[in-house]
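Working through the structure, step by step
Residue-level listing of the chains:
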Amino acid sequence: MDTIEKMIQKKAYELGYEKCGIISIDLMDEYAEKFNERIEKVPKSKMFYQSQQRLIKPKEIYPWAKSVVVLTAAYGKYKVPKELEGIIAKSYLFDVRVDKNTKEYQNNRELEKYMQTLGLKVETNQKFGVVGMRWAAMKAGVGIIRRNNFLYTEAGSWVHLEAWVTDREMELKETNNVPQCPKSCNRCVSACPTKSLSAPYTMSPTECISFLTSFGGRDLTKEPLSKTFGKCVYGCDLCQDACPMNKGKWKGEEEFPGLKELTESLTPENILNMKEDFYRRKVQPKFFYLSEEELWKWKVDVLCYMRNNYKENYKELIINACNNENIKVQDMAHFICEELCLC
Ligand code: SF4
Ligand code: SF4
């Protein structure tokens, strides 16, 4: 007869999860120390991490919690549309946290129900996590955290993490066969255009392109780092793409539900011309970091892209954006017009 831990793991594998480990909630205590160490190392990150304080006190928030179930779902199986390569980060293109059409989203719901039928009280936060998930995954033997701060399994860093706290004392170590970073490797740090990743395991989140093109970067006209964004419009994969441990890990064999139909609309030119109604219905539900009112931010990010990768046929688009109904889009367009002497 299987233990309850084994039953959960078996169910997870049946559903298609790559890994499933379970640890005592006590193993998350050390995470709080690491979390504070990170802030001390990069004091300017304090504001950013303040919003994540809840992750260091799961025992306070869920006083009944005794263990953490942590899993990975690999997404390197999906095809990246050529038009969006390097423009939108892969984890956002294949984001299964809110997309109910995906098998992964449905698996998450099914696994939760399964644990409840086993008599467990469980809690998750699909969007932002219920604990420090990379830490939990490492402690559970799911994978290792590399110098670029990402968790790696045999599928590379191309994995979504999910976790639940449960009210039962359980433990089940997962196994992995992932080698450590080569001693002298520094490719991820060298690949980071903003120097947000300034040294191994040292990161300034507010200087990361993923932050500056979504929650942050509210005035890119005053953000000198915006000149280093290269092709990135929304998110950045550069420190993962550069990693030799990701070599050959992206399979790209399957279509991601609904992405083919949306691809054309997500090219920089079409984002700049996107209508609010289309954005609210088709784009925002998938890329939830920006709200229904923030199509302007996509447009500003696109203008930044057009400046950084300037081509003659962008000229008219940038000039037209000077008359956009949104003042922030106008400001960015005027700023670029001046910078590139377009008007
Ligand atoms: S995601 Fe991009 S900007 Fe952020 S740390 Fe990695 S390479 Fe640097
Ligand atoms: S690029 Fe090198 S140092 Fe950075 S995470 Fe990959 S293997 Fe480790």
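Residues numbered from 1 in each chain as written. Chains lettered and ligands numbered in written order. Predicted model: local features only at pLDDT ≥ 70, side-chain atom pairs only at ≥ 80, totals over all residues. Heavy atoms only, no water.

Some words on the pattern of salt bridges
Note the following rule: For this document, the term salt bridge refers to a Lys or Arg side-chain nitrogen within 4 Å of an Asp or Glu carboxyl oxygen. Helix and strand assignments come from DSSP, with helices taken as H or I runs of at least 4 residues and strands as E runs of at least 2, each series counted from the N terminus.
Applying the stated criterion to the full structure yields 23 salt bridges. Note that D2 is salt-bridged to K10, the shortest N-O span being 2.7 Å. For E112, the salt bridge goes to R109, with nearest N and O atoms at 3.1 Å. Here E112 pairs with R109, and both are found in helix α6 (residues 103–117), just three residues apart, close to one helical turn.

Side note on the sheet that holds strand β6 (residues 159–166)
Definition in use: A pair of strands is considered paired only if DSSP assigns at least 2 bridges between the two. Residue contacts are counted whenever heavy atoms from the two residues lie within 4.5 Å of one another. Between the N-to-C directions of two axes lies an angle of 0 to 180 degrees, each axis being a line fitted to C-alpha atoms and, for a helix, fitted only over the stretch in contact.
Strand order across the open sheet formed by four strands is β1-β2-β6-β3, with antiparallel pairing between neighbours. Strand pairing shows two members of the sheet lacking a second neighbour, β1 (19–24) and β3 (122–123), which therefore form its edges. Note that β1 and strand β2 (residues 67–74) share six bridges and pair antiparallel. When the bridges of β2 are listed, I22 appears paired with V69. Relative to β1, helix α1 (residues 4–15) is tilted by about 155 degrees, and along the sheet it contacts β1 and β2. Sheet contacts for α6: β2, β3 and β6; angle to β6, the most-contacted strand, approximately 20 degrees.

A word on the domain arrangement of the chain
Our working definition: Domain extents, as shown, originate in an automatic or database domain assignment. Two parts placed together each lose some accessible area under a 1.4 Å probe, and the buried area is that loss summed for both. Polar contacts, as counted here, are pairs of nitrogen or oxygen atoms within 3.5 Å of one another; within protein the pair requires one atom able to donate a hydrogen and one able to accept it, and residues that are adjacent in sequence qualify only if both atoms are side-chain atoms. For this scheme, ten residues count as nonpolar: Ala, Val, Leu, Ile, Met, Phe, Trp, Tyr, Cys and Pro. Four count as charged, namely Asp, Glu, Lys and Arg, and the remainder, Gly too, count as polar.
Domains assigned within the chain are domain 1 (4–78 + 90–166) and domain 2 (267–343). Summarising the inter-unit geometry, the C-alpha centres of domain 1 and domain 2 are found 34 Å apart. With both chains or domains summed, domain 1 and domain 2 bury close to 640 Å², and 63% of this area falls on carbon and sulfur atoms. Looking only at domain 1, the three residues that lose the most surface to domain 2 are Y92, L93 and V98, adding up to 52% of its buried area. On the surface where domain 1 and domain 2 come into contact, there are zero salt bridges. Where domain 1 packs against domain 2, one counts two residue pairs in polar contact (both at pLDDT 80 or more). Residue composition of the side of domain 1 that touches domain 2, by class: four nonpolar, no polar and four charged.

Observations regarding the packing of aromatic side chains
Rules: Pairs were defined over the aromatic rings of Phe, Tyr and Trp, the Trp ring being its six-membered one, requiring ring centres within 6.5 Å. Orientation was assigned from the angle between planes: stacked under 30 degrees, edge-to-face over 60, tilted for the rest. Classification of residues uses two cut-offs on accessible area relative to the type maximum, computed with a 1.4 Å probe and protein chains only: under 20% is buried, over 50% is exposed, and between them is partly exposed.
Summed over all chains, the structure comprises 24 aromatic pairs. Consider the rings of F215 and Y289, whose centres lie 4.6 Å apart with planes at 35 degrees: the pair is tilted. Linking F215 in the loop between α9 (209–212) and α10 (238–241) with Y289 in the loop between α13 (276–283) and α14 (295–308), this pair joins segments that are 74 residues apart in sequence. You can call F215 partly exposed: its relative accessible area is 39%.

Things to note about the site of ligand 1
Which entries qualify depends on this criterion: We define proximity as follows: a residue is near a molecule or strand when any one of its heavy atoms falls within 4 Å of that partner.
The immediate surroundings of ligand 1 are formed by C192, P193, T194, S196, L197, C208, I209, C236, L238 and C239. Classifying every residue of the shell around ligand 1 by side-chain character gives eight nonpolar, two polar and no charged.

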